[in-house]
Structures are given as structure tokens and as C-alpha cells.
Amino acid sequence: MSTPELSCEEVIERLFEYLDRELDTVSQHEIDRHLERCYDCFSRAEFERRLRERIAATGSQQAPERLKKRIRELTG
Amino acid sequence: MTPVESKQPGQVSTADAQRVFREHVERLMDRLYGTALRLTRNPDEAEDVVAEAVAGAWQRLDQLKDLSHLDGWLFRILHNTFISLRRRRWCREDREVSFEQEIEDDDTRFSLFEHLHQPFLLWVGRPENDFINRFLEEDLRNAVDQLPGPFRIVVVMVEIQGYTYEEVAGILDLPLGTVRSRLSRARGLLQKSLWQQGRDAGLIGTSTGFTVGERR
């Protein structure tokens, strides 16, 4: 038995959980299928993915030498 | 400072574990510091959080059964260190969040995509992607740093560290629903902040998202 196709509203509602991989496999696949045929939702998902990549990159910043030295002393 | 002297037969020696630990910390240093800086917004405090977390992990290295989990373990200790150092302040900021929930609902539902996407322009380009690409890393850092503490930490844990909602709930000792709600609101606030920064930098027109211009 096939599941009814999701509407754009339903996909948008769950898009972040989808990108966060928080959905069960069935829901994940339902959204995958929707994104394959709906270019607007696909664009939205790609945009949020790209934004997330850029946000994730803010979690890395050159550590000061002083901190590196402090860590070397702690683990020396 | 020296962790335990010996391991069970079949496990790596203490000296090997210590060597692996040093190598991982060296490799992860910029990420540990960057994450601590996003959490604390203060370079001195970020250094303290990293140093205390590394010292704690070093002392408890014998408790780590599998060295392949070292990276995740270190980041978990980093988060726990930050949380324990700031617990008193968090209580105060939690009250601020309740207040904000009443007054800034529009901001927390803000969607950059909906402000930028122009379906009829698909054949000439994607303004929303141009908009994201033209941000400097510093702009994105500012947007994260401007989030209130309890919102900021869930963004750091989910979007930067890749924790599951359940893991975040466990580490922060919060109900799962609160994690979901804070994350959703944090994303709205973050996107609103980027929109405003984009307007200030001249990346978009003042009345609509129609024009994505060069950075001023």
C-alpha cells in the first residue's frame, strides 16, 4: 500500500527535522520523494543546507598560541 | 598530571592512549576553540572552557573505552564544562527566554528563504543562494553570537556539532519538546539577524529581497 504524497506545507513543516535526520526512515523517504518532484521545496531544502554549512563553519576558529601552549603543558 | 597507569589486556597502553589524545586535541584545537567561542562569546572564557575540558578529559582518559569515540567524547566534555561554568547565568537567561517568547514571536518564525526566493527568476539565477554566498564568515559568527544563550547553545550543538535532539536534551537536562522549540525559535532569530545584516551590508534592496547586490 502506498502512502499518500505529502503536500508542500507538510514538507516545509518538517524540513528542519528532515535536515537534522530526526525523522523515521519512512518520513525521511516521503520527503525525499517530494523533493525529487517539487523544485520549490528542493530549492528551499538546498538553501537551508547551504546556510547550515556556513553556520557549521563558524564552529572552527584559529586557536591562540597561548591556549595551545597551555594545553601542551596540561598534557605534557 | 597522569591518567591511570594501566589498561586491561587487549586495550591500548596508557602511553598510546595519551599519544592519541594529544594528536586528536592538536587536530581539533581550532574546532574546540571555535565552538567554545560561539558558546561563550568571550575569547578569555573560551580559552578557559577548552583548557578545563581538555584537563578533565586527560584526567579521565582511562574511562574512555574506545579511542575511536575520542572526538565526540571531547566535545561532550567541552559542552558539559561550559554548562557547569555558566549554570548560574543560564538560570537568568532562561527567564529572559520566557520573556522573549511573549514579545518576539514574529522574529522566531522568520524565514530567509521566503524573503529571498523569487520563483519567476529561476531562469536567471537564485538570489537566495547568492545572498548566503556573499556573507562573510564574520557576519555568520555575529548572527550566532547575538542569539540569547539558551537558544545559542542548541544551535551550536545541533548545527555545528551535529548532536541529535535527544542527545541535546540529555546534556542540557531539558525536555525534548523544549529543545525542539528552542531550536526552531533560534533558527528564526538567526535568519532574521542575517536578513538585517544583509540589508545593512547592501546585499538586498531595502523594501524587498528582489535585488541581491554587491557587498558595500
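In this text the structure is predicted, and so the values were computed from the model without any measurement.

Caption draft 1: Molecular detail of the overall build of chain A. When you go through chain A residue by residue, the secondary structure sums to 4 helices and 0 strands. The N-to-C order of helical and strand elements in chain A reads α-α-α-α. When its C-alpha atoms are laid out on the principal axes, chain A stretches across 65 × 25 × 15 Å. Here chain A holds 76 residues, and 24% of them are scored as buried.

Caption draft 2: View of the overall build of chain B. The secondary structure content of chain B amounts to 10 helices and 0 strands. Each helix and strand of chain B, placed in order from N terminus to C terminus, yields the pattern α-α-α-α-α-α-α-α-α-α. Looking at chain B residue by residue over its 216 residues, the buried ones come to 33%. Of all intrachain contacts in chain B linking residues separated by at least 6 positions in sequence, the fraction that spans at least 24 positions is 67%.

Caption draft 3: Representation of the interface of chain A and chain B in the model. Taken together, the contact between chain A and chain B spans 28 residues of the former and 38 residues of the latter. In terms of residues, the side of chain A that touches chain B owes the most to one element, helix 3 (residues 39-57) of chain A, which gives 12 residues.

Caption draft 4: Examining helix 3 of chain A more closely. An ideal rise of 1.5 Å per residue puts 27 Å on 19 residues; helix 3 of chain A measures up with 27 Å between its terminal C-alpha atoms. Looking only at helix 3 of chain A, the buried set comprises Cys41(A), Arg44(A), Ala45(A), Phe47(A), Glu48(A), Leu51(A) and Ile55(A). Seen from one end, helix 3 of chain A has its buried residues packed into an arc of 160°, which puts them on one side. Counted as exposed and oriented over 90 degrees from the buried face of helix 3 of chain A: Tyr39(A), Arg49(A) and Glu53(A). In this structure, the buried side of helix 3 of chain A is in contact with helix 1 (8-19) and helix 2 (25-37) of chain A together with helix 5 (112-116), helix 6 (127-133), helix 7 (137-145) and helix 8 (149-160) of chain B.

Caption draft 5: Representation of the confidence of the model for chain B. Residue and element names in this part refer to chain B. Per-chain confidence: chain B averages 81 in pLDDT, with 76% of residues scoring 70 or above. Across residues 1-9, confidence stays below pLDDT 50; counting only partners more than four residues off in sequence or on other chains, it has 16 contacts. Counting interchain partners and residues more than four positions distant, the pLDDT-below-50 stretch residues 206-210 has 7 contacts. Under the prediction, the complex receives an ipTM of 0.88, its pTM being 0.80.

Cut-off values and rules
Residues numbered from 1 in each chain as written. Chains lettered and ligands numbered in written order. Predicted model: local features only at pLDDT ≥ 70, side-chain atom pairs only at ≥ 80, totals over all residues. Helix = DSSP H or I, 4+ residues; strand = E, 2+ residues; numbered from the N terminus. Buried ≥ 20, exposed ≤ 12 C-beta atoms within 10 Å, placed from the backbone. Contact = placed C-beta atoms within 7 Å. Expected span 1.5 Å × (residues − 1). Arc of directions from axis to C-beta. pLDDT = per-residue confidence, 0-100.

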